[in-house]
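Topology and contacts: notes
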Amino acid sequence: MILFSLFATFPPLFLFVSGGKLPEPEVKIELVYKPFMCSRKSKYGDMLLVHYDGFLESNGTMFHSSRRDGDPVWFTLGIKEVLKGWDKGLKDMCTGERRKITVPPSLAYGKEGKGKIPPSSTLIFEVELMDIRNGPRSHDSFREMDLNDDWKLSRQEVKEYLKKEFQKHGYSPNDTHHEVMVDDIFNNEDEDKDGFISAREFTYQHDEL
Ligand SMILES: [Ca+2]
Ligand SMILES: [Ca+2]
């Protein structure tokens, strides 16, 4: 249900979250580096680009490093696209800031663990925030997409937006997938099927938000 998620092409590493039902433990946040300039802080709905190293608290093993393994990762904060511990631990962060967050198992991979993560693992992440963008669901991105300011999005406007976003990430502007994506988006988002996505349809459809 995460629409306008252009960045599905940059799959987040942690899609599945299993958490406890009891009072949720907190994420411990330690500031490693705070940049002098901070014009904007991360908030729910923003898209964040991060580099991170992940360690098991138990023995210090590094189980993943985006720096070592390749590219930084884009994700949207606060929509459960990543571990709960990330949604909780990476708010109010400045571009360039570095944090160490300690995530209890219930906000990470729970009792089962996953892959390299043993059951009931507390995880430590050293995260550097590289960039913040308007999230797909923000008021700001709606205004940005609505080129003629009529408070609804036409197919053309959505297509323009996709083109722009893909170009930013180095894709060809003539990618034929755009048509398909626009179809998909309208199938899901245009609830009353009037051929436009209204501000309301855009903003409120998703239960996750
Ligand atoms: Ca419009
Ligand atoms: Ca509509």
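Residues numbered from 1 in each chain as written. Chains lettered and ligands numbered in written order. Predicted model: local features only at pLDDT ≥ 70, side-chain atom pairs only at ≥ 80, totals over all residues.

A few words on the overall build of the protein chain. The helix and strand inventory of the protein chain stands at six helices and eight strands. Secondary structure elements of the protein chain occur, N-terminal to C-terminal, as β-β-β-α-β-α-β-β-α-β-α-α-β-α. Buried positions account for 29% of the 209 residues belonging to the protein chain. Within the protein chain, contacts between residues separated by at least 24 positions form 66% of all contacts whose residues are at least 6 apart in sequence. (Helix = DSSP H or I, 4+ residues; strand = E, 2+ residues; numbered from the N terminus. Buried ≥ 20, exposed ≤ 12 C-beta atoms within 10 Å, placed from the backbone. Contact = placed C-beta atoms within 7 Å.)

All right, on to helix α4 (residues 155-168) then. Helix length check: α4 (14 residues) gives 20 Å between terminal C-alpha atoms against 20 Å at 1.5 Å per residue, within 8%. Listed in full, the buried residues belonging to α4 are Val 158, Tyr 161 and Leu 162. Looking straight down α4, one finds its buried side chains confined to an arc of 100°; they lie on one side. In α4, the exposed positions angled more than 90 degrees off the buried face are occupied by Gln 156 and Gln 167. Looking at the buried positions of α4, the neighbouring elements they touch are α3 (139-145), β7 (152-153) and α5 (177-189). Within two residues after α4, Gly 170 carries a phi angle of roughly 85°, on the positive side. (Expected span 1.5 Å × (residues − 1). Arc of directions from axis to C-beta.)

In the Ramachandran plot, Asp 149 falls in the positive-phi region, its phi being about 55° despite a non-glycine side chain. Its place among the elements puts Asp 149 in the loop between α3 and β7. In this structure, Trp 151 takes a positive phi of about 65° despite not being glycine.

Right, let's get into the nonpolar core. Proteins that are soluble and globular tend to have nonpolar side chains buried together. By size, the foremost hydrophobic cluster in this structure holds 24 residues, and its most contacted members are Leu 48, Val 103 and Val 127. Counting only elements with at least two residues in this core, the list comes to β2 (47-56), β4 (73-76), β5 (98-103) and β6 (123-133). Contact partners of Val 103, with chain neighbours within four places excluded, come to Val 27, Leu 83, Gly 85, Gly 89, Ala 108, Thr 122, Leu 123 and Phe 125. If you look at the next biggest cluster of nonpolar residues, it comprises ten residues, including Met 145, Leu 153, Val 158 and Ile 185. (Core = buried A, V, L, I, M, F, W, Y, C linked by C-beta atoms within 7 Å.)

Both faces of β4 are covered, namely the face carrying Val 73 and Phe 75 and the face carrying Trp 74 and Thr 76. Relative to β4, β2 runs antiparallel, the two sharing four bridges. Among the inter-strand pairings, Met 47 is bridged to a residue of β4, identified as Thr 76. (Pairing = 2+ DSSP bridges.)

In short, the description is geometric, and any link to function would need to be established separately.
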